[in-house]
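# Close look at the chain arrangement
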Amino acid sequence: MEIIQKEENGVVLLAFKGRLDGKSAAEAEDIINSIFKGENNRLLFDFEFLEYLSSAGLRVVLGAAKEMKRRDGKFVLCALNAYVKEVFEVSGFGAIISITDSVESGINEIS
Amino acid sequence: MGTESILLVDDNPTNLQVLYQTLEVTGCKLLVAKDGETALGIAEKALPDLILLDIMMPGIDGFEVCRRLKKDPTTESIPVIFLSALTDTKDKVRGLQLGAVDYVSKPFQPDEVIARVNTHLTIHRLKREVEKKKDELENELEVVSDVQRRLLPKGLPEIAGFKLAVHYETSLYAGGDYYDIAKLADNQWGFLVADAEGHSAPAAVMMAMTCALFRSYPEPPTEPGELIYFLNEHLCKVADPSFVTALYVVYDANHHTLKIARAGHPPPMIYRSSEKKAIEYPCGGVFPLGIDPYEQVPVTEAELQPGDRILVYTDGITERFSMDGKTYGEERLLRQLEADPGSQPQELLVSIMKDVDKFATGRPADDDQALLLGIVQ
């Protein structure tokens, strides 16, 4: 798992590459928690290169979504592959988290 | 650390005496041996916390003593420091390869020996403490696991016209998968399958909470939507940021009808004997339990015919990994569910699990696995 962090016009972008599962969830949580130390209230996860997401990974995404909600901020997931998209559909998480097809549309949505 | 003991091994009485005097300041109990055989005997009986071992000795030499110590399970964890006039790197490497923790050249500096001895005594002590804690934790997890298994239904009910089988296994001692069966009025039955996110103790706690809530539902759980709503309402108070996926099915065995509610859980798989085909039964649903209150929980209805099969399961099956990192997947499970017309649920479940294990090719499961299979007779 590789996570690249960028910040553009007040939006924090995290690009995930590889597998977000039980093994990499703790590392991802650390990175996300360090972002939450700041005042950011606009967060975007770029899942274009995310190959696999387990239930532990879902918990990480959910944790981020809940924290952004507490801050009255905006959170969006972008560019999910077919497998990851299905995980969100079957699990029903799609109903509580905004998902867009591309990073550009994600940035538009939360800017 | 006055309670720790060190065994000193050297065939030369003068060396032994100097070593003894050097290490007296450590406050440790000091044991001595003048040859390899004696050293092995003392090591086995007294189990010292550290052994300082000379290499060149008559009879069995220090290398051989070390080799035998490391071979014997009772003495293998005792750290050994070689103390020798052999200063060739090859000898040092050989000593370390035999499992020694350190190597001190003779003639030695007393301060150096004391410092190294203290370091290795500390490492050894910490290692033992870690192992003890690990054992304690494992024991606790086994207790949790034991309690958890007692929460599951004991055996399966006899249902007229409907045969059932179940498979349940956890990946660690304790797990987050849960299934339960409620006997309702008029030959109706409630089947709950749930999966608390994660595994081990935290998931086991969520699993136990789900079980307690299900069994304390104030009336017979005949309405799947209402039950799921109720479970969620209570789990929301505790589950942050964890969650539980659940599927609840009420089966009317007189009319072969189903009512299904789904919270983040995979839908049931249904095999139609008339079409010889299994599908993931499309059911609307809500997100998992324990996150946010629901507005409304949709309920999906279905009807079964004799020979039809219904499988409810947790994603530990479909997400089971093979050695090369592929997942078992829904398609393969569906094909399994279509196999062997006429077989009984227990046989079919055994053959499904065989196929899952075959697919995993020896890679152990890293999630819990639960399946509940029913066949209309």
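Because the structure is predicted, anything quoted here is derived from the model rather than measured. (Residues numbered from 1 in each chain as written. Chains lettered and ligands numbered in written order. Predicted model: local features only at pLDDT ≥ 70, side-chain atom pairs only at ≥ 80, totals over all residues.)

### Describing the overall build of chain A
Note the threshold: Numbering of helices and strands runs from the N terminus, with a helix taken as a DSSP run of H or I at least four residues long and a strand as a DSSP run of E at least two residues long. Note on method: radius of gyration uses C-alpha positions; expected globular size equals 2.2 Å times residues raised to 0.38. Working definition of a contact: two residues with C-beta atoms, positioned from the backbone, lying within 7 Å.
Counting secondary structure elements, chain A contains four helices and five strands. A globule of 111 residues ought to have a C-alpha radius of gyration of about 13 Å, and chain A, at 12 Å, matches this closely. Sequence-distant contacts in chain A: of pairs separated by 6 or more residues, those separated by 24 or more amount to 73%.

### Some remarks on the nonpolar core
What counts is decided by this rule: Think of a nonpolar core as buried Ala, Val, Leu, Ile, Met, Phe, Trp, Tyr and Cys residues chained together by C-beta atoms that fall within 7 Å. Residues are called buried when their C-beta atom has 20 or more other C-beta atoms within 10 Å, exposed when it has 12 or fewer, and partly exposed otherwise; all C-beta atoms are positioned from the backbone.
By size, the foremost hydrophobic cluster in this structure holds 94 residues, and its most contacted members are Phe47 and Val61 of chain A together with Val193, Ala246, Val249, Val312 and Leu371 of chain B. The biggest single contributor to this core is helix H2 (residues 55-70) of chain A, with eight residues. Apart from the residues within four sequence positions on either side, Ala246 of chain B is in contact with Leu192, Ala194, Ile228, Leu231, Ala263, His265 and Leu289 of chain B. Core analysis: the next-biggest nonpolar cluster, separate from the first, contains 27 residues, Ala39, Ile51, Val65 and Val117 of chain B among them.

### Re the domain arrangement of chain B
Worth spelling out the cut-off: Where each domain begins and ends follows an automated or database-derived domain assignment.
Under the domain assignment used here, chain B contains domain 1 (5-132) and domain 2 (152-376). Using C-alpha coordinates to define each centre, domain 1 of chain B is positioned 58 Å away from domain 2 of chain B.

### As for the interface of chain B and chain A
Basically, it comes down to this: Under this grouping Gly is polar, as are all residues other than the nonpolar Ala, Val, Leu, Ile, Met, Phe, Trp, Tyr, Cys and Pro and the charged Asp, Glu, Lys and Arg.
Taken together, the contact between chain B and chain A spans 17 residues of the former and 14 residues of the latter. Taken together, the residues of the side of chain B that touches chain A sort by class into eight nonpolar, five polar and four charged.

### Concerning the sheet that holds strand S2 (residues 11-20) of chain A
Residues and elements named next belong to chain A. Rules: Here the rule is simple: two strands pair whenever DSSP picks up at least two bridges between them. Every axis corresponds to a line fitted to the C-alpha atoms, with the helix fit spanning only the stretch in contact, and the corresponding angles, defined between N-to-C directions, vary from 0 to 180 degrees.
In spatial order, the strands read S1-S2-S3-S4-S5; together these five strands make up an open sheet with mixed pairing. Two strands close off the open sheet at either side, each with one partner strand: strand S1 (2-8) and strand S5 (98-100). Taking each pair of neighbouring strands and ignoring which way they run, the sheet shows an average axis angle of 25°. Where helix H3 (residues 82-91) meets the sheet, its contacts fall on strand S3 (42-53) and S5, and the angle it forms with S3 comes to roughly 115°.

### Some words on helix H2 (residues 36-46) of chain B
All names here are of chain B. Just so we agree on the cut-off: Directions are taken from the helix axis to each C-beta atom, and the arc is the one they span.
All buried positions along H2 are accounted for by Gly36, Ala39 and Ala43. Seen from one end, H2 has its buried residues packed into an arc of 55°, which puts them on one side. Turned more than 90 degrees away from the buried face of H2 sit Gly41 and Lys45, all of them exposed. In the stretch just after H2, Leu47 is the one whose phi turns positive, near 40°.

### Thoughts on the environment of Thr122 of chain B
Positionally, Thr122 of chain B belongs in helix H5 (residues 110-151). In this structure, the C-alpha to C-alpha distance between Thr122 of chain B and Lys70 of chain B, residues 52 residues apart in sequence, is 20 Å.

### Topic: the packing of helix H1 (residues 25-36) of chain A against H2 of chain A
All names here are of chain A. As a reminder, the rule being used: Roughly parallel refers to an angle under 35 degrees, roughly antiparallel to one over 145, roughly perpendicular to one between 65 and 115, and oblique to any angle outside these ranges.
Contact geometry for H1 and H2: axes closest at 9 Å, N-to-C directions at 10°. In terms of orientation, H1 lies roughly parallel with respect to H2. For the pair formed by H1 and H2, the contact residues are Ala25, Ala28, Glu29, Ile32 and Phe36 on the first element and Ala56, Gly57, Arg59, Val60, Gly63, Ala64 and Glu67 on the second. Per-class residue counts for the contact of H1 with H2 are seven nonpolar, two polar and three charged.

### Regarding the pairing of strand S15 (residues 369-376) of chain B
Residues and elements named next belong to chain B. Most of S15 sits inside the fold, with seven of its eight residues counted as buried. Pairing geometry for strand S14 (residues 309-313) and S15, over five bridges, is antiparallel. Pairing of Tyr313 across the sheet is with Leu371, part of S15.

### Focus: the sheet that holds strand S10 (residues 257-263) of chain B
All names here are of chain B. Here five strands make up an open sheet; going across it, the order is S7-S8-S9-S10-S13 and the pairing antiparallel. Only two strands of the sheet have a single partner each, and these edge strands are strand S7 (177-183) and strand S13 (300-303). Each adjacent strand pair in this sheet contributes to an overall mean axis angle of 15°, direction not counted. In this sheet, strand S9 (residues 244-252) lies alongside strand S8 (residues 188-196) in antiparallel orientation, the contact comprising nine bridges. In the strand pairing of S9, Ala194 is matched with Ala246.

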